[in-house]
Amino acid sequence: MNKVCDKEAQMAEALSQIRNHTLLSSLNDEQFQALTAHSRLIDLKPDQTLFLQDDEAERFFIVIQGSIKMFRLTAEGREIVMNVLTRDQAVGEAAMFMAEHHYPVNASAIERSQVISLSSNVYQRLLRESTDSCFGVLAAMACRLQNSMAEIETLTLQSASHRVVRFLLGLVPEGAERAEVKLPVAKQLIAARLAMQPETFSRVMRDLKSRGLLLVDGCHLTILSVQGLRGMMA
């Protein structure tokens, strides 16, 4: 009985967490309930697969806690990390808008994680039935596209130091001048996400430490001067 109550409480908390997600905020309460009636929570162990490339995209997911990596494998078996998704980010949602409805990449948990699984078919049906909801989602997707374009520009035009500093500033709470933060995933995955070698990421972190801007204790960082970091972006 307690396990059932715990699961119900977890689901209620998860639904509250995702209610204002960009993909769902344009749904009215009735639509949201229709979608989440088919939802389920999935607990993942480290390295556990969520879905494989070319699987039928019947579900999409939102990360409740933990982190999920999106990756492809080369013909030689080398793993290419395409993205790392953390709390409140959607996983596999683009596949339901593709003609063939297959996932274009693999997805697996980096650490112990939990995602909420939602029906792609129900979501699509709700959008077809409501022009307002459909245009709301289009607006949200357009905003995400703009952010992605800005990120691509950062990765291609800015130096390794700029990319690392920009990433670190993204971890800092708004208005903070000094902050203690935790790296969301392993350093090698952060390096891959920032389009650099792990050795380059470590070199930049050592440089920031030598400048008196940063203290490092494993995955825990103390940013001693947010203003100093911003100054490196100038």
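Residues numbered from 1 in each chain as written. Predicted model: local features only at pLDDT ≥ 70, side-chain atom pairs only at ≥ 80, totals over all residues. Heavy atoms only, no water.

Participant: An account of the overall build of the protein chain is requested, with residue identities and associated values reported.
Facilitator: When its secondary structure is counted, the protein chain shows 8 helices and 11 strands. Radius of gyration (C-alpha) of the protein chain: 20 Å, near the 17 Å computed for a compact globule of 234 residues. Along the first, second and third principal axes, the C-alpha atoms of the protein chain reach 55 × 45 × 35 Å. The 234 residues of the protein chain split such that 40% are buried. One finds the centroid of the 25 positive side-chain charges in the protein chain at a distance of 6 Å from the centroid of its 27 negative side-chain charges. (Helix = DSSP H or I, 4+ residues; strand = E, 2+ residues; numbered from the N terminus. Rg over C-alpha atoms; globule rule 2.2 N^0.38 Å. Buried < 20%, exposed > 50% of the residue type's maximum accessible area, 1.4 Å probe, protein only. Lys, Arg positive; Asp, Glu negative; His and termini not counted. Charge placed at Lys NZ, Arg CZ, Asp CG, Glu CD.)

Participant: I'd like a description of the sheet that holds strand 9 (residues 179-182), backed by residues and values.
Facilitator: Picture the strands of a sheet paired through backbone hydrogen bonds; they go either parallel or antiparallel. In space, the 3 strands of this open sheet follow the order 9-11-10, with antiparallel pairing throughout. The sheet is open, and its two borders are formed by strand 9 and strand 10 (214-217), each paired with just one other strand. Ignoring strand direction, the axes of neighbouring strands in this sheet form an average angle of 20 degrees. One ladder, built from 4 bridges, connects strand 10 with strand 11 (residues 220-223); its direction is antiparallel. (Pairing = 2+ DSSP bridges. Axes fitted to C-alpha atoms, helices over the stretch in contact; angles between N-to-C directions.)

Participant: Describe the packing of aromatic side chains, naming the residues involved and giving the relevant values.
Facilitator: For any two aromatic rings, the description comes down to two numbers: the centre-to-centre distance and the angle of the planes. A complete count under the given rule lists 3 aromatic pairs for this structure. With a centroid separation of 3.7 Å and an interplanar angle of 15 degrees, the aromatic rings of Phe-51 and Tyr-103 are classed as stacked. Here Phe-51 is found in strand 2 (residues 49-51), whereas its partner Tyr-103 is found in the loop between strand 6 (90-91) and strand 7 (106-109), with 52 residues between them in sequence. Exposure remark for Phe-51: the relative accessible area of 4% places this residue in the buried category. In this structure Tyr-103 comes out as buried when scored by relative accessible area, which is 3%. Ring pairs connect the aromatic residues Phe-51, Phe-61 and Tyr-103, which therefore count as one cluster. Lying over the aromatic face of Phe-71, Lys-69 brings its terminal NZ or CZ to 5.3 Å of the ring centre. (Phe/Tyr/Trp six-rings, centres within 6.5 Å; stacked < 30°, edge-to-face > 60°. Lys NZ or Arg CZ within 6 Å of the ring centre and 35° of its normal.)

Participant: So what's going on with helix 3 (residues 120-129)? Which residues, and what values?
Facilitator: Restricting attention to buried positions, one finds in helix 3 the residues Ser-120, Val-122, Tyr-123, Gln-124, Leu-126 and Leu-127. The N-cap of helix 3, judged by a side-chain oxygen 3.4 Å from the amide nitrogen of Asn-121 a few residues on, is Ser-119. (Polar contact = N/O pair within 3.5 Å; in protein donor to acceptor, adjacent residues only side chain to side chain.)

Participant: How would you explain the nonpolar core if you had to name every residue and give the values?
Facilitator: In summary, soluble globular proteins display a tendency toward joint burial of nonpolar side chains. If you look at the biggest cluster of nonpolar residues, it comprises 29 residues, and the most contacted ones within it are Val-164, Leu-168, Phe-201, Leu-208, Ile-223 and Leu-229. If you list the elements that add at least two residues to this core, you get strand 5 (79-86), helix 5 (160-169), strand 9, helix 6 (187-193), helix 7 (198-210), strand 11 and helix 8 (226-232). Broken down by element, this core gets its largest block of residues, 5 residues, from helix 5. Discounting chain neighbours no more than four positions away, the residues touching Leu-168 are Met-205, Leu-208, Leu-214, Leu-221, Ile-223 and Leu-229. Counting 22 residues, the second-largest nonpolar core is a separate cluster that includes Met-11, Ala-14, Ile-18 and Leu-35. (Core = buried A, V, L, I, M, F, W, Y, C linked by side-chain atoms within 4.5 Å. Contact = heavy atoms within 4.5 Å.)

Participant: I'd like a description of the pattern of salt bridges, backed by residues and values.
Facilitator: Applying the stated criterion across every chain, the model contains 6 salt bridges. Between Arg-19 and Asp-29 there is a salt bridge whose closest N-O contact spans 3.2 Å. A residue pair is termed long-range when its members are at least 10 positions apart, and Arg-19 in the loop between helix 1 (2-18) and helix 2 (29-36) and Asp-29 in helix 2 qualify at 10 residues. Under the relative-accessibility criterion, Arg-19 is labelled buried at 17%. We classify Asp-29 as exposed; its relative accessible area is 54%. (Salt bridge = Lys/Arg side-chain N within 4 Å of Asp/Glu carboxyl O.)

Participant: Quick rundown of a positive patch on the surface? Include the residues and the values.
Facilitator: Side chains of Lys-187, Arg-203, Arg-206 and Lys-209 sit close together on the surface and give a patch of like positive charge. Looking at which element gives the most residues to the positive patch, the answer is helix 7, with 3 residues. The topology assignment puts Arg-203 in helix 7. Owing to a relative accessible area of 45%, Arg-203 belongs among the partly exposed residues under this scheme. (Patch = residues over 30% accessible without salt bridge, like charges linked within 9 Å, V, L, I, M, F, W, Y side chains within 5 Å. Areas by Shrake-Rupley, 256 points an atom, 1.4 Å probe, with all protein chains shown as cover.)

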